[in-house]
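In case you want the letters, here they are:
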There are 2 protein chains.
Amino acid sequence: MIIIYQKFFSLESEKKARIINAALKEFARNGYSKASTNDIVKEAGISKGSLFNYFNSKRELYLFLLDYVVKIIEQIYAEVDWMEPDFFTRMRQLGEVKYKIYKKYPHAFNFIKTAAREDAAEVKPEINRIGKAIIAEGLERGYQNIDWSKFREDIDRERMIKIINWTMLGFAEEERDKVKSFEEVGTEVLKEADEYFSILRRCFYKKEEQ
Amino acid sequence: MIIIYQKFFSLESEKKARIINAALKEFARNGYSKASTNDIVKEAGISKGSLFNYFNSKRELYLFLLDYVVKIIEQIYAEVDWMEPDFFTRMRQLGEVKYKIYKKYPHAFNFIKTAAREDAAEVKPEINRIGKAIIAEGLERGYQNIDWSKFREDIDRERMIKIINWTMLGFAEEERDKVKSFEEVGTEVLKEADEYFSILRRCFYKKEEQ
DNA sequence: AACAAGATGACCAAAGTGGTCAAGGCAATC
DNA sequence: GATTGCCTTGACCACTTTGGTCATCTTGTT
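Residues numbered from 1 in each chain as written. Chains lettered and ligands numbered in written order. Predicted model: local features only at pLDDT ≥ 70, side-chain atom pairs only at ≥ 80, totals over all residues. Heavy atoms only, no water.

Chemist: I'm lost on the protein's contact with DNA strand D in this one. Help?
Modeler: Not every one of the 16 residues close to DNA strand D is listed here, only the nearest: Tyr-54 of chain A together with Ala-35, Thr-37, Lys-48 and Lys-58 of chain B. Across the atoms of DNA strand D situated within 4 Å of the protein, the share located in sugar and phosphate is 53%. In the model, a base oxygen of DNA strand D is placed 3.3 Å from a nitrogen or oxygen of the Gly-49 of chain A main chain. Between DNA strand D and the protein, one listed contact pairs a phosphate oxygen with a side-chain N or O atom of Asn-38 of chain B at 2.9 Å. Put simply, the parts of the chain that give the surface near DNA strand D at least two residues each are α4 (48-54) of chain A together with α3 (37-44) and α4 (48-54) of chain B. Top element by residues in the surface near DNA strand D is α4 of chain A. It accounts for four residues. Per-class residue counts for the surface near DNA strand D are four nonpolar, nine polar and three charged. (Near = heavy atom within 4 Å. Polar contact = N/O pair within 3.5 Å; in protein donor to acceptor, adjacent residues only side chain to side chain. Helix = DSSP H or I, 4+ residues; strand = E, 2+ residues; numbered from the N terminus. Nonpolar A, V, L, I, M, F, W, Y, C, P; charged D, E, K, R; others polar.)

See the structure below:
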C-alpha cells in the first residue's frame with residue numbers, strides 16, 4: 001500500500017477524480033461482483049488497458065477505493081471541533097464537512113454503505129477488518145462533550161437522536177436527488193439545512209435554551 | 001393482462017408468493033437489466049422451465065410485478081380512513097397497513113422505489129405511464145381532511161411533514177434491517193413506532209392538543 | 001395402464017466477464 | 001529527422017453468464 005498505485009497517483013488530478021468517481025459509482029450501485037470494469041472505463045472515459053495498468057485487478061481497484069474512502073472519512077473526523085458542546089452546532093459542522101466531500105466524491109458515502117453489506121468472498125475479510133476500526137472510532141467520539149442539559153427531559157434521548165439523524169439523512173438524500181449534475185449549488189443548501197436545525201432546536205431544546 | 005398469467009395464478013398460493021418475492025428481491029437489488037432469471041429461479045426453488053412457462057419472458061415477468069405491486073399499493077389507499085382528522089392517527093394507520101403488506105412482500109416497496117429510477121429502455125415507457133397515475137392519486141389524497149389547527153404555528157408545515165416522513169422511513173428501514181429472516185415480530189414493532197409518534201406529537205402539536 | 005399437465009435441467013447462441021498485449025501516439029532528447 | 005521511453009488504446013482471449021427452449025421425466029387421475 002506504500003509505493004503501490006504509484007502509476008495511478010501520478011495522473012493529472014482531474015483524470016484521477018474521474019476514475020475514482022466512476023468506480024465508486026459502479027461499485028456502489030452494483031456491489032463488488034456485479035460491478036463491471038467495462039462500465040467503469042466507459043464512464044471514466046479511459047481505456048480498459050489503462051485501468052489495468054493503474055490497478056492490476058478489479059479486486060485491487062476495489063481495495064484501493066475502500067482505503068481511499070476510509071481515509072476521507074477519517075479526515076472528516078479530524079476537521080470537526082469535538083469540544084463544541086452544542087449538539088446542533090456540532091451536527092451542522094459535521095454536515096458541512098460531509099457536504100464538501102460529497103461535492104468532490106458524490107458516491108463515496110453510498111460506496112461505504114454498500115461495502116458494509118458486501119458479501120463477495122474476495123473482499124469481505126478486508127472490509128471487516130477496516131469496518132471494525134471505523135465503527136469503534138466513530139461511536140466513541142460521536143457524542144463526546146455534548147451538553148445534554150440543554151435538552152428537554154421528557155423525551156427519550158436515544159430516540160430523539162435517531163429522529164435528528166434520520167432528518168439529516170433524509171435531507172441529504174433529497175438534496176442529492178435534486179442536484180443531479182448541477183454544479184456549485186453551495187450556500188443555499190446549507191441555509192436550508194439550517195432551517196431544519198432551527199426546527200429541531202425548537203422541538204428538542206428546553207424553552208429557555210433556544 | 002386479462003386472461004394472461006393464468007398459468008401462474010392457478011399455482012398454489014405459497015409457491016406464487018415464493019416466486020413473487022424472489023423476483024421482487026432480485027429486481028429491486030439489481031435493476032431490470034442486471035437482474036438474473038437464473039438467480040430468481042434458484043431463490044424461488046423452481047426450475048427455469050417453469051418460470052418461462054408462467055411468464056413468457058423476463059420483460060413480461062417484470063411488467064407483471066409492476067402491475068401487481070401497484071395494485072397492492074392502491075389497496076393500501078383503499079383501506080385507510082381518509083376522514084380521520086388527526087395527522088398522527090392517520091399516519092399510524094397507514095404505517096400499520098404498510099407493515100401488513102411488508103410482512104407478505106418484504107421487497108415490494110424497494111421494488112417500486114428502484115422501478116421509479118429504472119432506465120432500461122425495455123420497460124421504461126410502461127413504468128412512466130403507471131408512475132404518473134400513482135403520484136397523481138397519492139399526492140391528492142395524502143393529506144386531505146387533516147386538522148392542521150392542532151399544530152404549532154411557529155414551525156413551517158412543509159418541513160415538519162418532511163421530518164415526520166423521514167422519521168417514519170428511517171424507523172421502517174431500521175426495523176427491516178433488524179428483522180432479516182425472523183418471523184412474526186408483530187406487535188412490539190408497532191408499539192415502538194407509537195413511541196416515535198408520541199415524541200413527534202409532543203414536538204409539533206400545540207401544548208393543549210397533546 | 002394410459003393419459004394429460006406440469007416440472008425439470010441440459011442445452012443453445014449470444015452477450016458479457018476480467019484481464020492481456022502488440023501496436024501506435026507523443027513528447028523529449030540526441 | 002531519428003531515436004528513445006512512456007502512456008494509451010482497443011482488439012482479442014478464454015471463460016462465465018445471459019434469456020430462453022424443449023425433449024424428457026414426475027405426478028396424479030381415471
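Read on for the rest.
Chemist: When you look at the interface of chain B and chain A in this model, what are you seeing that I'm missing?
Modeler: Buried accessible area, meaning the area lost when the parts come together, often serves as the stated size of an interface. Taken together, the contact pairs 27 residues of chain B with 27 residues of chain A. In this assembly, chain B packs against chain A so that about 2500 Å² is buried in total across both faces, 53% of it on carbon and sulfur atoms. Three residues, Lys-34, Arg-159 and Trp-166 of chain B, lead the burial of chain B against chain A; their summed loss comes to 28% of the area buried on that side. Joining chain B to chain A, the criterion identifies twelve salt bridges. Across the chain B-chain A interface, the total number found is nine residue pairs in polar contact (both at pLDDT 80 or more). Every element with two or more residues in the side of chain B that touches chain A is listed here: α2 (13-34), α9 (157-179) and α10 (187-204) of chain B. (Contact = heavy atoms within 4.5 Å. Buried area = accessible area lost by both parts, 1.4 Å probe. Salt bridge = Lys/Arg side-chain N within 4 Å of Asp/Glu carboxyl O.)

Chemist: I tried to follow unusual backbone geometry on my own but got confused; where do I start?
Modeler: For residues besides glycine, phi is generally negative; the peptide bonds are generally trans as well. The backbone of Asn-145 of chain A shows a phi angle near 65°, a positive value even though the residue is not glycine. Structurally, the position occupied by Asn-145 of chain A is in the loop between α8 (124-142) and α9 (157-179).

Chemist: What should I look at first to understand the pattern of salt bridges in this one?
Modeler: If the charged atoms of two oppositely charged side chains come close together, the side chains can form a pair. Evaluation of the coordinates by the stated rule reveals 38 salt bridges over all chains. A salt bridge links Glu-26 of chain B to Lys-34 of chain A, with the nearest nitrogen and oxygen atoms 3.5 Å apart. Here Glu-26 of chain B is found in helix α2, whereas its partner Lys-34 of chain A is found in helix α2 (residues 13-34) on a different chain. Residue class for Lys-34 of chain A comes out partly exposed when judged on its relative accessible area of 28%. (Buried < 20%, exposed > 50% of the residue type's maximum accessible area, 1.4 Å probe, protein only.)

Chemist: Hey, could you run me through the side chain of Glu-84 of chain B in this one?
Modeler: All names here are of chain B. You can see Glu-84 is positioned in the loop between α5 (58-79) and α6 (87-104). For the buried Glu-84, no salt bridge exists, and the shortest N-O distance to an oppositely charged side chain is 5.9 Å, to Lys-150. At 2.9 Å, the side chain of Glu-84 and the backbone nitrogen of Asp-86 are in polar contact. What Glu-84 contacts, discounting residues up to four positions off in sequence, is Thr-89, Arg-90, Gln-93, Asn-145 and Ile-146. (Lys, Arg positive; Asp, Glu negative; His and termini not counted.)

Chemist: What is the right way to read the packing of aromatic side chains from this model?
Modeler: Given two aromatic rings, their pairing is described by the distance between the two centres and the angle made by the two planes. According to the stated counting rule, one finds 56 aromatic pairs over all chains in the structure shown. Where Phe-171 of chain A meets Tyr-196 of chain A, the ring centres are 5.3 Å apart and the plane angle is 55°; that geometry is what we call tilted. One end of the pair, Phe-171 of chain A, is in helix α9; the other, Tyr-196 of chain A, is in helix α10 (residues 187-204), with 25 residues separating them in the sequence. Like Phe-171 of chain A, the residue Tyr-196 of chain A is buried in the burial classification. A ring pair is formed by Phe-88 of chain B and Phe-151 of chain B, whose centres lie 6.1 Å apart and whose planes are at 40°; its orientation type is tilted. In this pair, Phe-88 of chain B is assigned in helix α6 and Phe-151 of chain B in the loop between α8 (124-142) and α9, connecting sequence segments 63 residues apart. By the ring-pair criterion, three or more aromatic residues cluster together here, those being Tyr-5, Phe-8, Phe-9, Tyr-54, Phe-55, Phe-64, Tyr-68 and Tyr-105 of chain A. (Phe/Tyr/Trp six-rings, centres within 6.5 Å; stacked < 30°, edge-to-face > 60°.)

Chemist: What is the right way to read the protein's contact with DNA strand C from this model?
Modeler: Around DNA strand C, 15 residues are found, and the nearest of them are Ala-35, Thr-37, Lys-48 and Lys-58 of chain A together with Tyr-54 of chain B. The sugar-phosphate share of atoms of DNA strand C within 4 Å of the protein amounts to 55%. In this structure, a phosphate oxygen belonging to DNA strand C sits 2.7 Å away from a side-chain N or O atom of Thr-37 of chain A. Here Ser-47 of chain B contributes a backbone N or O atom positioned 3.0 Å from a phosphate oxygen of DNA strand C.

Chemist: Mind showing me how you'd approach the environment of Phe-9 of chain B here?
Modeler: All names here are of chain B. Here Phe-9 shows up in helix α1 (residues 6-9). Since its relative accessible area comes to 39%, Phe-9 is described here as partly exposed. Other than its neighbours up to four places away in sequence, Phe-9 contacts Lys-16 and Phe-64.

Chemist: I tried to follow the packing of α5 of chain B against helix α7 (residues 108-117) of chain B on my own but got confused; where do I start?
Modeler: Angle between the axes and distance between the axes: these two values describe a pair of packed helices. Residues and elements named next belong to chain B. Running from N to C, α5 and α7 point in directions that differ by 115°, and their axes come no closer than 10 Å. In this structure, α5 crosses over α7, and the sense of that crossing is left-handed. On α7, the residues touching Tyr-62, Leu-65, Leu-66, Val-69, Ile-73 and Ile-76 of α5 are Ala-108, Phe-109, Phe-111, Ile-112 and Ala-115. (Axes fitted to C-alpha atoms, helices over the stretch in contact; angles between N-to-C directions. Left-handed = near helix turned anticlockwise from the far one by under 90°.)

Chemist: I keep staring at the relation of the copies chain B and chain A and nothing clicks. Help me out?
Modeler: Two chain copies here: they are related by a rotation about an axis and a translation along the same axis. When chain B is brought onto chain A, the operation consists of a screw motion whose angular component is 179° and whose axial shift is 0.0 Å, with 0.1 Å RMSD remaining. The operation mapping one copy onto its partner corresponds to a two-fold rotation axis. Judged by C-alpha distance, Cys-203 of chain B is the residue of chain B that lies nearest the rotation axis, at 2.5 Å. Comparing interface residues between copies, 100% of those in chain B also sit at the interface in chain A, which points to an isologous, same-surface contact. (Least-squares fit on C-alpha atoms with pLDDT ≥ 70 in both.)

By themselves, these observations are geometric and do not establish any function.
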